[in-house]
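Take a look at the letters that make up each chain.
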Amino acid sequence: MISCVLAITLASVALYLLKSILPEGHIKSALRFIYGILLTLLIILPIINIKDTIPQSLTPEMPDLGQSMAQGAEIQIRQMKGFKNAQITVGAEDGRIVRVYILAKRSDSGNLIEFEQNKKALVRLMKVLYKLDENMIVIEPDE
């Protein structure tokens, strides 16, 4: 910050000295134009580089959107009947969910008919919420 102020001050003093030495005319007006560009750069460059001086604690990293979506989907799946203790793998790419694999625990699922009903409900939910192709949702019972 101090070096910026010093650079602007030195540039201003140099312009003043050159203006007092040079006669009126095209050279003097060209000098004022060049000084204007130089002064503008001296003011703008520290502003552009200020991001390098901000402590990292003030600029937290943004979480990966795909990872956040995958975590949210996993929480949602666990809340569905029959999938509380399931092994869940959610794949995400480019900020969206692209595949879901669930290995449901037999103890959570109950009988086979109940498992199939829960599976159908979950597939419908995943298709609607995440616009997933049904083939990208795999739900199997553990044996």
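Residues numbered from 1 in each chain as written. Predicted model: local features only at pLDDT ≥ 70, side-chain atom pairs only at ≥ 80, totals over all residues. Heavy atoms only, no water.

**Some words on the overall build of the protein**
Alright, step 1. Counting its regular elements, the protein contains five helices and three strands.
Alright, step 2. In sequence order, the protein lays out its α and β elements as α-α-α-β-β-α-α-β.
Alright, step 3. Looking at the 143 residues of the protein, the share that counts as buried comes to 22%.
Alright, step 4. Put simply, the protein shows about 10400 Å² of open surface, and 64% of that area lies on carbon and sulfur atoms. (Helix = DSSP H or I, 4+ residues; strand = E, 2+ residues; numbered from the N terminus. Buried < 20%, exposed > 50% of the residue type's maximum accessible area, 1.4 Å probe, protein only. Areas by Shrake-Rupley, 256 points an atom, 1.4 Å probe, with all protein chains shown as cover.)

**Points about the sheet that holds strand 2 (residues 96-104)**
Alright, step 1. Spatial ordering of the open sheet is given by 1-2-3, a layout of three strands whose pairing is mixed. On the outer flanks of this sheet lie strand 1 (87-93) and strand 3 (137-141), each paired with one strand and no other. Taken pair by pair, the neighbouring strands of this sheet meet at an average axis angle of 10°, ignoring direction.
Alright, step 2. Of the strand pairs in this sheet, strand 2 and strand 3 are connected by five bridges, and their pairing is parallel. Within strand 3, the position partnered with tyrosine 101 by the bridge is valine 138.
Alright, step 3. Contacting strand 1 and strand 2, helix 3 (residues 65-79) runs over the sheet at an angle of about 150° to strand 1. (Pairing = 2+ DSSP bridges. Axes fitted to C-alpha atoms, helices over the stretch in contact; angles between N-to-C directions. Contact = heavy atoms within 4.5 Å.)

**What to know about the confidence of the model for the protein**
Alright, step 1. Looking at the protein as a whole, its pLDDT mean stands at 82, while 88% of the residues score no less than 70.
Alright, step 2. Of all secondary-structure elements in the protein, the lowest mean pLDDT belongs to helix 4 (residues 106-109), at 75, while strand 2 reaches the highest, 90. (pLDDT = per-residue confidence, 0-100.)

**Section: the nonpolar core**
Alright, step 1. Counting 19 residues, the largest nonpolar core has Ile77, Phe83, Val100, Ile102, Met126 and Ile139 as the members making the most contacts within it.
Alright, step 2. For this core, the secondary structure elements donating two or more residues are helix 3, strand 1, strand 2, helix 5 (112-130) and strand 3.
Alright, step 3. Residues contacting valine 100, with those up to four places away along its chain left out, are Ile77, Thr89, Val90, Met126, Leu132, Met136, Ile137 and Val138. (Core = buried A, V, L, I, M, F, W, Y, C linked by side-chain atoms within 4.5 Å.)

**A few points about helix 2 (residues 26-48)**
Alright, step 1. With 23 residues, helix 2 should cover 33 Å at 1.5 Å per step; its first-to-last C-alpha distance of 33 Å lies within 8% of that length.
Alright, step 2. Among the residues of helix 2, those classed as buried are Lys28, Leu31 and Tyr35. (Expected span 1.5 Å × (residues − 1).)

**Quick notes on the packing of helix 3 against helix 5**
Alright, step 1. Following both chains from N to C, one finds helix 3 and helix 5 inclined at 150°, their axes separated by 12 Å at the closest point. In terms of axis orientation, helix 3 runs roughly antiparallel to helix 5. The two elements helix 3 and helix 5 meet at a crossing, and its hand is right-handed. Taken together, the residues of helix 5 that come into contact with helix 3 (itself represented by Met69, Gly72, Ala73, Gln76 and Ile77) are Leu122, Leu125, Met126, Leu129 and Tyr130.
Alright, step 2. Along the lines of polarity and charge, the residues of the contact of helix 3 with helix 5 split into eight nonpolar, two polar and no charged. (Parallel < 35°, antiparallel > 145°, perpendicular 65-115°, else oblique. Left-handed = near helix turned anticlockwise from the far one by under 90°. Nonpolar A, V, L, I, M, F, W, Y, C, P; charged D, E, K, R; others polar.)

**Remarks on the pairing of strand 1**
Alright, step 1. Bridge analysis of strand 1 against strand 2 gives seven bridges, and the strand direction is antiparallel. Following the sheet pairing, isoleucine 88 is matched in strand 2 by isoleucine 102.
Alright, step 2. With antiparallel pairing between neighbouring strands as the criterion, strand 1 and strand 2 make up a hairpin whose turn holds two residues, including aspartate 94 at a positive phi of roughly 50°.

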